[in-house]
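Chain and residue survey
Listed here are the chains, written in short residue letters.
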Amino acid sequence: MADQTHVLFVEDDDVIREATQLALERDGFAVTAMPDGLSGLEAFRADRPDIALLDVMVPGLDGVSLCRRIRDESTVPVIMLSARADSIDVVLGLEAGADDYVTKPFDGAVLVARIRAVLRRFGHASGDRTDDAAAPAHDGGLLAFGDLEIDTEGMEVRRAGQPVALTPTEMRLLLEFSSAPGTVLSRDKLLERVWDYGWGGDTRVVDVHVQRLRTKIGQDRIETVRGFGYKLKA
């Protein structure tokens, strides 16, 4: 398991859980599959997986609550599984700290592609590290925007001298904004650059992450440009 990417998969449907576990293992992942949220939390704490794949509707501790518990302890990437694309559960999962979501029923190849896309953003691949081209390019050094300081080499952020804890996805989002301050970045462009989507994606992922980032670096630091996207105030 040390040479494989370890996936924690929490799903209460026996058929989906077993079929998905087999599919992921065929693609080279090591999988710990759990039927409910409480056992999933125990497995997370015991095994410290590389990524968590959580169904929203699981017994004991639902997927959104489990995501919050994981996020309280770790920045490990989390993908939520939801049966309805238009469900409020999607937004709740993202607000709880999830990095992405996949709608059920899903194709196994699509799920693997989304997992690998998330892992590339976090500097992991199934069994390998990605090269530096997977991350946005930035000049080294310290960037300052008012009371906000971004160390692009140390990957640290401070606001008014105090450290700001960001998830890797939030950090990549902030780096994209800081690489072009004052420039409007569309949601589609952010999906491509931050979420590694080579296809159309749900822009709610961007909107929720921008809101989460605003709560940490200041509500007025990222401006909404209606009909176009967002920009970081220079």
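That block above? That's the structure.
What comes next is a walk through the structure. (Residues numbered from 1 in each chain as written. Predicted model: local features only at pLDDT ≥ 70, side-chain atom pairs only at ≥ 80, totals over all residues. Heavy atoms only, no water.)

**Side note on the overall build of the chain**
Per the secondary structure count, the chain includes eight helices and 11 strands. Burial statistics for the chain: of 234 residues in total, 48% are counted as buried. When the accessible surface of the chain is totalled, it reaches about 10900 Å², and 49% of it is carbon and sulfur. (Helix = DSSP H or I, 4+ residues; strand = E, 2+ residues; numbered from the N terminus. Buried < 20%, exposed > 50% of the residue type's maximum accessible area, 1.4 Å probe, protein only. Areas by Shrake-Rupley, 256 points an atom, 1.4 Å probe, with all protein chains shown as cover.)

**Concerning helix H3 (residues 63-73)**
Buried residues of H3: Gly63, Val64, Leu66, Cys67, Ile70 and Arg71, and no others. End-on, the buried residues of H3 take up no more than an arc of 155°, which puts them together on one face. The elements touched by buried residues of H3 are strand S1 (6-10), helix H2 (37-47), strand S3 (51-55), strand S4 (78-82) and helix H4 (88-95). Taking the backbone nitrogen of Val64 as reference, a side-chain oxygen 3.0 Å away marks Asp62 as the first, capping residue of H3. (Arc of directions from axis to C-beta. Contact = heavy atoms within 4.5 Å. Polar contact = N/O pair within 3.5 Å; in protein donor to acceptor, adjacent residues only side chain to side chain.)

**A word on the environment of Val64**
The residue Val64 is located in helix H3 in this model. Owing to a relative accessible area of 7%, Val64 belongs among the buried residues under this scheme.

**Topic: the pattern of salt bridges**
This structure, assessed with the given rule, holds 14 salt bridges. Residues Arg17 and Asp14 are paired through a salt bridge, measuring 2.8 Å at the closest nitrogen-oxygen approach. With Arg17 and Asp14 both in helix H1 (residues 14-26) and three residues apart, this pair spans about one turn of that helix. Since its relative accessible area comes to 12%, Arg17 is described here as buried. (Salt bridge = Lys/Arg side-chain N within 4 Å of Asp/Glu carboxyl O.)

**A short note on the packing of helix H6 (residues 168-179) against helix H7 (residues 187-194)**
At a minimum axis separation of 10 Å, H6 and H7 run at an interaxial angle of 120°. Put simply, H6 runs oblique to H7. Of the two possible hands of crossing, H6 and H7 adopt the one that is right-handed. Side by side, H6 and H7 meet where Thr169, Arg172, Leu173, Glu176 and Phe177 of the first sit next to Leu190, Arg193 and Val194 of the second. Looking at the contact of H6 with H7 residue by residue, the class counts come to four nonpolar, one polar and three charged. (Axes fitted to C-alpha atoms, helices over the stretch in contact; angles between N-to-C directions. Parallel < 35°, antiparallel > 145°, perpendicular 65-115°, else oblique. Left-handed = near helix turned anticlockwise from the far one by under 90°. Nonpolar A, V, L, I, M, F, W, Y, C, P; charged D, E, K, R; others polar.)

**Here we look at the nonpolar core**
The nonpolar side chains of a soluble globular protein tend to be buried, and buried together. The biggest cluster of nonpolar side chains holds 49 residues, and the ones touching the most others in it are Leu54, Met80 and Phe177. Counting residues per element, this core draws most heavily on helix H8 (residues 204-217), which supplies six residues. Non-local contacts of Leu54, meaning those with residues more than four positions away in its chain, are made with Val10, Gly63, Leu66, Cys67, Ile70, Val78, Ile79, Met80 and Leu81. Counting residues in each nonpolar core, the second largest holds 16 residues, with Leu24, Val112, Ile115 and Leu119 among its members. (Core = buried A, V, L, I, M, F, W, Y, C linked by side-chain atoms within 4.5 Å.)

**Observations concerning the sheet that holds S4**
Strand order in the open sheet formed by five strands is S2-S1-S3-S4-S5, with parallel pairing between adjacent strands. Sheet topology places strand S2 (30-34) and strand S5 (100-103) at the edges, where each strand pairs with a single neighbour. On average, each strand axis in the sheet is tilted by 20° relative to the strand beside it, whichever way the strands run. Sheet topology places S1 next to S3; four bridges connect them, and they run parallel. If you follow Val7 over to S3, its bridge partner there is Ile51. In this fold H2 packs onto S1 and S2, with an angle of close to 165° to the strand it touches most, S1. (Pairing = 2+ DSSP bridges.)

**Comments concerning unusual backbone geometry**
For the bond from Lys104 to Pro105, the omega torsion is -5°, close enough to zero to count as cis. With respect to the helices, strands and loops of the structure, Pro105 is situated in the loop between S5 and helix H5 (108-121). The phi dihedral of Met155 falls on the positive side, at around 55°, and the residue is not glycine. Of note, Met155 is situated in the loop between strand S7 (148-151) and strand S8 (156-159). The phi torsion at Ala160 lies on the positive side, around 55°, for a residue other than glycine.

**Some remarks on the environment of Arg204**
Following the sequence through the fold, Arg204 ends up in helix H8. Exposure remark for Arg204: the relative accessible area of 25% places this residue in the partly exposed category. Taking the C-alpha atoms as reference points, Arg204 and Asp100, 104 residues apart in sequence, are found 9.9 Å from one another.

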